Amino acid sequence: MSLLSAPRMWRDVAALFTSTGPPGTPDLIGVEIELIPVTRGSDPRPVRLFESAARAPSLQGLLQDWARSSGLIHDERRGPGDLRFRTIHGGWITFEPGGQLELSSAPRPTPSAAFAEVVSVLDPLREAAYAAGVKLVGRGLNPWHDVQDVPLQVESPRYHAMDEYLRRYGPDGARMMRLTAAMQINLDFGNPAQANRRWRVANLLSPVIRGSFANSRLRLENGSEAVSGRSVIWERTDTSRTGALVATGPDAEGSPASQYLDFARAAHVMIRQDTEGTATAAEPELRFEDWVGGESPPAPDLSDWETHLSTLFPDVRPRGWLELRAIDAPRRRWWAVPLTVLPAVLLDDEAVSLTLEILEPLAPHIADLARRAGVEGLRAGPVGEAAEQVFLAALEAAHRRPPGYFSTEMLAATVDFFQRYIVNRRTQADDESGVDS
């Protein structure tokens with residue numbers, strides 16, 4: 001057992017806020033896109049991850065056939081029940097608990113390179129899937145099925161423990177694992193001064209991101225509808241480990257690492273190991289700091305701490321880079337937009353300063369505005385006006401970059417999105433229809 005000490009906990013969290021790239025190298029950009037697999041047709045059905053006796057379409061068969069025919073991916077399974085593919089560009093195709101397909105790009109020096117990698121794999125894969133009777137849909141929430149239709153597809157002790165733990169918070173934990181899909185943008189922290197500012201701006205952007213990229217309509221218990229049901233579901237799973245992290249008052253002067261350490265210590269423990277070392281659901285509402293304090297022996301070790309950090313899911317997660325997690329999976333037409341706007345405002349020092357100026361007045365209300373933006377979209381208080389200013393700052397910053405940093409297609413899509421949705425305070429969820437992806 002590796003002993004866990006307060007200095008070690010601090011060092012581990014501080015490392016999460018330290019850029020993994022060598023000093024002086026260009027900022028790197030990555031993107032992860034999750035897609036929901038359903039059968040093609042007027043009555044879509046879930047697509048299983050693994051082949052079954054019914055011989056229905058499966059992602060396993062589809063991807064293995066496509067790997068052989070396309071040469072764009074290679075099977076990298078590590079054992080029974082595992083399914084993963086390495087792309088020829090160095091990225092990965094993996095699968096979420098409900099069978100959602102996820103493409104993770106390799107870190108790239110420009111957003112245009114990251115976008116080119118994504119579309120060079122996903123566009124032909126989606127065409128091949130469609131020909132085989134499967135649609136890979138860009139939505140933040142599966143609108144056709146519920147948890148009884150989509151059992152856990154990835155069999156692992158970790159996912160079973162997560163599933164058991166989250167069920168204590170009602171049905172939303174199971175829905176989150178099985179039915180939601182996101183797009184994540186990963187951005188370098190930069191140097192220490194840049195890291196602190198980028199972290200704050202990224203979290204202040206949470207309402208803007210949720211409202212601008214809402215794409216998961218959900219009917220709520222009171223009869224109203226949320227435009228980002230995915231973010232509503234995430235908020236209702238376990239608030240001790242989710243949401244936007246914006247310090248205010250005297251706490252705003254502290255380092256992001258110290259603030260995140262406080263957040264991590266206060267979060268409930270999700271997974272513990274039993275006497276045989278198997279991941280199991282922790283007892284209800286056990287804060288990690290109480291576990292460290294000896295209230296639930298045996299005391300946690302280094303492995304428990306690392307597991308705990310991996311089960312924290314705020315809107316922005318530090319991992320040696322900024323992982324921006326609040327984007328509903330967009331429709332194909334708009335994949336380029338988050339990958340343009342967020343690098344533009346967060347990797348440009350002038351844009352960071354301007355965005356801070358736009359959003360800092362909202363800091364005391366960020367948590368409430370983020371929740372409201374998940375329901376009301378860009379009509380939530382000042383979120384729409386802030387989003388319009390942020391998009392304009394992003395487009396201005398994008399044009400300061402050298403040619404090719406953002407492709408012409410990416411810039412055109414962002415302008416179109418801005419005029420179609422942001423200016424009119426609308427979202428993709430406002431014009432949902434049929435099985436459009």
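Reference entry: report on the structure contained in this document. (Residues numbered from 1 in each chain as written. Predicted model: local features only at pLDDT ≥ 70, side-chain atom pairs only at ≥ 80, totals over all residues. Heavy atoms only, no water.)

By the secondary structure assignment, Val227 is in the loop between strand S9 (225–226) and helix H8 (229–235). Between the C-alpha atom of Val227 and that of Asp348, which follows or precedes it by 121 residues, the distance is 30 Å. (Helix = DSSP H or I, 4+ residues; strand = E, 2+ residues; numbered from the N terminus.)

Another aspect to go through is the packing of helix H12 (residues 338–346) against helix H16 (residues 408–422). Where H12 meets H16, the axes come as close as 8 Å, and the angle between the chain directions of the two elements is 95 degrees. Here H16 runs roughly perpendicular to H12, going by the angle between their axes. Between H12 and H16, the contacting residues are Leu339, Thr340 and Val341 on the first element and Met410, Leu411 and Thr414 on the second. (Axes fitted to C-alpha atoms, helices over the stretch in contact; angles between N-to-C directions. Parallel < 35°, antiparallel > 145°, perpendicular 65-115°, else oblique. Contact = heavy atoms within 4.5 Å.)

Before going further, it helps to examine the packing of aromatic side chains. Tallying each qualifying case throughout the model produces 17 aromatic pairs. Note on Phe213 and Phe417: the rings are 5.6 Å apart at their centroids and 35 degrees apart in plane angle, and the pair reads as tilted. Of the two residues, Phe213 is situated in the loop between helix H7 (206–212) and strand S8 (218–219) and Phe417 in helix H16; the sequence distance between them amounts to 204 residues. The exposure class assigned to Phe213 is buried, which follows from its relative accessible area of 2%. Sitting over the face of the ring of Tyr130, Arg40 holds its NZ or CZ atom 4.5 Å from the ring centroid. In this structure, Arg401 is placed above the aromatic ring of Tyr405, and the distance from its NZ or CZ to the ring centre is 4.3 Å. (Phe/Tyr/Trp six-rings, centres within 6.5 Å; stacked < 30°, edge-to-face > 60°. Buried < 20%, exposed > 50% of the residue type's maximum accessible area, 1.4 Å probe, protein only. Lys NZ or Arg CZ within 6 Å of the ring centre and 35° of its normal.)

Turning to its location among the elements, Asn203 is positioned in helix H6 (residues 192–204). Excluding residues within four positions of it along the chain, Asn203 makes contact with Ala244, Leu245, Val246, Val316 and Ile366.

Here we come to the pairing of strand S4 (residues 92–95). As paired strands, strand S3 (residues 85–87) and S4 are joined by two bridges and run antiparallel to one another. Across the sheet, Arg86 pairs through a bridge with Trp92, a residue of S4. Inspection of the sheet shows S4 paired to strand S5 (residues 101–104) by four bridges, in the antiparallel sense. Note on S5: the bridge partner recorded for Thr94 is Glu102. In textbook terms, the turn of a hairpin is the stretch between consecutive antiparallel strands, and for S4 and S5 this stretch comprises five residues, one of which, Gly99, has a positive phi near 90 degrees. (Pairing = 2+ DSSP bridges.)

Okay, the side chain of Gln194 next. The topology assignment puts Gln194 in helix H6. With relative accessibility at 18%, the residue Gln194 sits in the buried group. Among all residues touching Gln194, those that are not within four sequence positions of it are Phe189 and Asp349.

Inspection of the entire model under this criterion finds 36 salt bridges. Salt-bridge contacts for Arg287 lead to Asp290; the nearest nitrogen and oxygen are separated by 3.2 Å. Overall, the relative accessible area of 32% leaves Arg287 in the partly exposed class. On the accessibility criterion, Asp290 (18% relative accessible area) is buried. In this structure, the salt-bridge partner of Glu376 is Arg372, at a minimum N-O distance of 3.1 Å. Highlighted residues: Glu376 and Arg372, both in helix H14 (residues 366–376), separated by four residues, approximately one helical turn. Taken together, the shared-partner salt bridges connect Arg217, Arg219, Glu225, Arg379 and Asp430 into one network. (Salt bridge = Lys/Arg side-chain N within 4 Å of Asp/Glu carboxyl O.)

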